[in-house]
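# An overview of the molecular structure
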Amino acid sequence: MSKDQKDDEGKGKTGVLTKTRPKTKKPSMYKVLMLNDDYTPMDFVVHILLTYFQKSEEEAVQIMLNVHQTGVGLCGVYSFEVAETKVMQVIDNARRNDHPLQCTLEKE
């Protein structure tokens, strides 16, 4: 193949340029879980649920009883950053009030 033939190869050909959109993936969600202990008062747990998780009084009492009876209770489901912040807020508040309350997050 001569140089002229190579140069003519691509001439006259058309193609379609397609743009592919990157697929946006929904962010992973995380469950914030409160763990039971034998020392934290029930009313403090309800207070935490009202303050940091915007639960109604009825919901807060229900979650607190679930934590008490089963050892763990679901406080809410959030993006990682929000869940992590809520866990830290709960633990900080509990320590400031001398309670061993534990809160953790788990990927949904």
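Report follows, based on the coordinates. Predicted model, so just to flag it, every value in this text is computed and none were measured.

Parameters at a glance
Residues numbered from 1 in each chain as written. Predicted model: local features only at pLDDT ≥ 70, side-chain atom pairs only at ≥ 80, totals over all residues. Heavy atoms only, no water. Helix = DSSP H or I, 4+ residues; strand = E, 2+ residues; numbered from the N terminus. Buried < 20%, exposed > 50% of the residue type's maximum accessible area, 1.4 Å probe, protein only. Contact = heavy atoms within 4.5 Å. Phe/Tyr/Trp six-rings, centres within 6.5 Å; stacked < 30°, edge-to-face > 60°. Lys NZ or Arg CZ within 6 Å of the ring centre and 35° of its normal.

Counting through the fold element by element, Val45 comes out in helix 2 (residues 42–53). For Val45, a relative accessible area of 6% corresponds to the buried category. Between the alpha carbons of Val45 and Ala94 there is a distance of 9.1 Å; along the sequence they are 49 residues apart. Once residues within four sequence positions are removed from consideration, Val45 is found in contact with Met34, Thr40, Met64 and Leu101.

A full pass over the atoms with the stated rule returns two aromatic pairs. Judged by centre distance (5.1 Å) and plane angle (70°), the ring pair of Tyr30 and Phe80 falls under edge-to-face. Here Tyr30, found in strand 1 (residues 29–35), pairs with Phe80, found in helix 4 (residues 80–96); they are 50 residues apart in sequence, far enough to count as distant. Judged by relative accessible area, which is 15%, Tyr30 ranks as buried. Given a relative accessible area of 32%, Phe80 falls into the partly exposed group. A centroid spacing of 6.3 Å and a plane angle of 40° characterise the contact between Phe53 and Tyr78, whose relative ring orientation is tilted. Within this pair, whereas Phe53 is found in helix 2, its partner Tyr78 is found in strand 2 (residues 72–79), the two being separated by 25 residues in sequence. Here Phe53 and Tyr78 have matching classes, each one buried. The aromatic ring of Tyr78 is capped on one face by Lys86, whose charged end is 5.2 Å from the ring centroid.

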